[in-house]
Every structure is written in structure tokens, then in C-alpha cells.
Amino acid sequence: MGPYPHPKPIDAANYDNGKLILAEQAQVIKGWQSIENWKPDDGEGTRQNYVNVPMLIGQEMGNLLKFQFNGNAVDIAVAAGPDAGVIEFRIDEGDWQKQDLFTKRSVNLHLPWYFTLAAGLPDGEHTLQIRIT
């Protein structure tokens, strides 16, 4: 028996063609650090599969990086822990927008959390910039 055919998408802007862009592909403009085997040093809890992995760390106001991506939406994956804060981001030199990375579970746990920063963009090449506020 072969694979079953997929049904047609309910929403044409679904994430069926989503791709993970590795942290190493970011262009650091100012201050971000690439950590090869990240794990928090604050003694708070973690998810086992979300430590000892590459991570981009920005800790000071004004730290800036950018990613190139192709598509109509962009998300980020973060380790939302007690040190999570607010970032500003923009797409293609547009207006800066804010995203709070602190969750209700961030108080004593570094956990994987995903934020959709933009959706419904024109399909094609885009630039995402992220800075620490």
C-alpha cells in the first residue's frame, strides 16, 4: 500500500512549505553571540531537547541581527525563560514592531516557544531584522 494523497489545504497561506533557518545563517550586525551548546546558567528548569543546542543570544539594548527568508510568513523559535524580554523586529525596512518573548511559564522555566512575527506577506524574498529593546 502506497502513501495516501494529501487533501487540498483549507488555507492557501498554510505553513506546508515552512523551512527552519538555522541560527548560524543570521547576519549579526551588532552584539549577538552564537553559542554552540547553549544551556542556561541561572538554575531554572529546561526542556531536555532544548539545551546543548546552537542558540543566538542577545542581551544588550541595541543588539541587532538580520535573516533573509523566502516566503509569506516568518516565525522565530526562542528559549522563553526568566531572562526573556521584548524584541523589536521589522520586515523589509518596514516599521519596527514589538514582541514580548516572556510567557506565563517563563518565570522558572526555559521552554521552547514560537512566535509568528508576520504572515500574509507577499510571497518572495524578505529580510527580517531583530533588535533587543
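The structure this text deals with has already been given above.
Remember, predicted model here, so these are calculated numbers, not experimental data.

## As for the overall build of the protein
The helix and strand tally for the protein stands at zero helices and eight strands. The order of helices and strands in the protein, counted from the N terminus, is β-β-β-β-β-β-β-β. Along the three orthogonal principal directions, the C-alpha set of the protein runs to about 50 × 40 × 25 Å. Burial statistics for the protein: of 133 residues in total, 34% are counted as buried. Within the protein, counting contacts between residues at least 6 apart in sequence, those at least 24 apart form 73% of the total. Accessible surface computed for the protein: about 9200 Å², of which carbon and sulfur atoms make up 50%.

## Observations regarding the nonpolar core
One recurring pattern in soluble globular proteins: nonpolar side chains tend to sit buried together. In terms of nonpolar packing, the biggest core is built from 24 residues, with I76, L128 and I130 touching the most fellow members. Counting only elements with at least two residues in this core, the list comes to β5 (64-80), β6 (86-91) and β8 (109-132). It is β8 that provides the largest number of residues to this core, a total of nine residues. Those residues in contact with L128 that sit more than four places away from it in its chain are L65, K66, F67, F69, V74, I76, F89, R90, I91 and L117. Within the second largest apolar cluster, six residues are counted, among which are W38, Y50, M55 and A79.

## Thoughts on the packing of aromatic side chains
Per the stated rule, a full pass over the model turns up zero aromatic pairs. Geometry around W96 places R131 over its ring, the cationic atom sitting 3.8 Å from the centre.

## Quick word on the environment of I29
Along the chain, the position of I29 falls in strand β1 (residues 27-30). Through-space distance from the C-alpha of I29 to that of K66 is 7.3 Å; in sequence the pair is 37 residues apart. In this view, I29 contacts L64, L65 and K66; residues no more than four positions away in its chain are not counted.

## Re the pattern of salt bridges
The final tally for this structure, using the stated rule, is three salt bridges. The closest approach of N and O atoms between E88 and K98, which form a salt bridge, is 3.5 Å. With a gap of ten residues between them, E88 in strand β6 and K98 in strand β7 (residues 97-100) connect regions that are remote in the sequence. With relative accessibility at 14%, the residue E88 sits in the buried group. Members of the salt-bridge network, linked through shared partners, are E88, K98 and R131.

Thresholds, definitions, all that
- Residues numbered from 1 in each chain as written.
- Predicted model: local features only at pLDDT ≥ 70, side-chain atom pairs only at ≥ 80, totals over all residues.
- Heavy atoms only, no water.
- Helix = DSSP H or I, 4+ residues; strand = E, 2+ residues; numbered from the N terminus.
- Buried < 20%, exposed > 50% of the residue type's maximum accessible area, 1.4 Å probe, protein only.
- Contact = heavy atoms within 4.5 Å.
- Areas by Shrake-Rupley, 256 points an atom, 1.4 Å probe, with all protein chains shown as cover.
- Core = buried A, V, L, I, M, F, W, Y, C linked by side-chain atoms within 4.5 Å.
- Phe/Tyr/Trp six-rings, centres within 6.5 Å; stacked < 30°, edge-to-face > 60°.
- Lys NZ or Arg CZ within 6 Å of the ring centre and 35° of its normal.
- Salt bridge = Lys/Arg side-chain N within 4 Å of Asp/Glu carboxyl O.

Keep in mind these numbers describe shape, not what the thing actually does.
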